[in-house]
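Residue-level structure breakdown
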Amino acid sequence: QPKPGTTFTATVGAGDQISRVTLLRTGSVTHSNNPDQNFQPLGFTQNGQTLTINAPANPYVTVPCYYMLFVFNANGVPSVAKIMRVPPAA
C-alpha cells in the first residue's frame with residue numbers, strides 16, 4: 001500500500017530486465033463507459049530481482065482506490081497484474 005510520493009518494492013524473476021512499470025486504475029463501469037479509467041507510467045530502478053518503484057506524488061491524480069500494477073520486460077511483454085491499494089495521502 002504505497003502512499004503518494006513514497007517508494008515501494010517488487011520482486012521479479014531472475015534474469016528479468018524490466019523496461020516499464022505502470023498503474024492502471026480498476027475503475028468502475030456505468031452506462032457502458034468507464035469514467036474512472038486512469039493509466040500511469042511509474043519511475044523505477046532495478047537492482048537484480050528487486051524493483052524500487054516510485055509511487056505517484058499527486059494524490060489528486062492517483063486517487064485512493066485499487067490499481068493493477070503491471071511490469072513489462074525488455075521485449076514489452078507485461079506481467080500478470082498485481083492488484084494493489086493506494087491509500088489516502090493523509
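Residues numbered from 1 in each chain as written. Predicted model: local features only at pLDDT ≥ 70, side-chain atom pairs only at ≥ 80, totals over all residues. Heavy atoms only, no water.

1. With respect to the overall build of the protein
Tallying secondary structure elements over the protein gives 0 helices and 7 strands in all. Mapped from its N terminus to its C terminus, the protein presents α and β elements in the order β-β-β-β-β-β-β. Viewed in the frame of its principal axes, the protein has a C-alpha envelope of about 45 × 30 × 15 Å. Looking at the protein as a whole, 30% of its 90 residues are labelled buried. Look at the contacts in the protein between residues 6 or more apart in sequence, and 58% of them connect residues 24 or more apart. Working note: accessible area of the protein is about 5,600 Å², and carbon and sulfur atoms make up 53% of it. (Helix = DSSP H or I, 4+ residues; strand = E, 2+ residues; numbered from the N terminus. Buried < 20%, exposed > 50% of the residue type's maximum accessible area, 1.4 Å probe, protein only. Contact = heavy atoms within 4.5 Å. Areas by Shrake-Rupley, 256 points an atom, 1.4 Å probe, with all protein chains shown as cover.)

2. Section: the sheet that holds strand E5 (residues 50-54)
With antiparallel pairing, 3 strands are arranged side by side in an open sheet as E1-E5-E4. Among the strands making up the open sheet, the edge pair consists of strand E1 (7-11) and strand E4 (44-47). Along the sheet, successive strands turn relative to each other by an average axial angle of 20°, direction set aside. Pairing analysis gives 4 bridges linking E4 to E5, with the strands arranged antiparallel. Paired with Phe44 across the strands is Ile53, a residue of E5. (Pairing = 2+ DSSP bridges. Axes fitted to C-alpha atoms, helices over the stretch in contact; angles between N-to-C directions.)

3. Some points on the packing of aromatic side chains
A complete count under the given rule lists 0 aromatic pairs for this structure. Above the plane of the ring of Phe72 lies Arg20, whose end atom (NZ or CZ) is 5.6 Å from the centre. (Phe/Tyr/Trp six-rings, centres within 6.5 Å; stacked < 30°, edge-to-face > 60°. Lys NZ or Arg CZ within 6 Å of the ring centre and 35° of its normal.)

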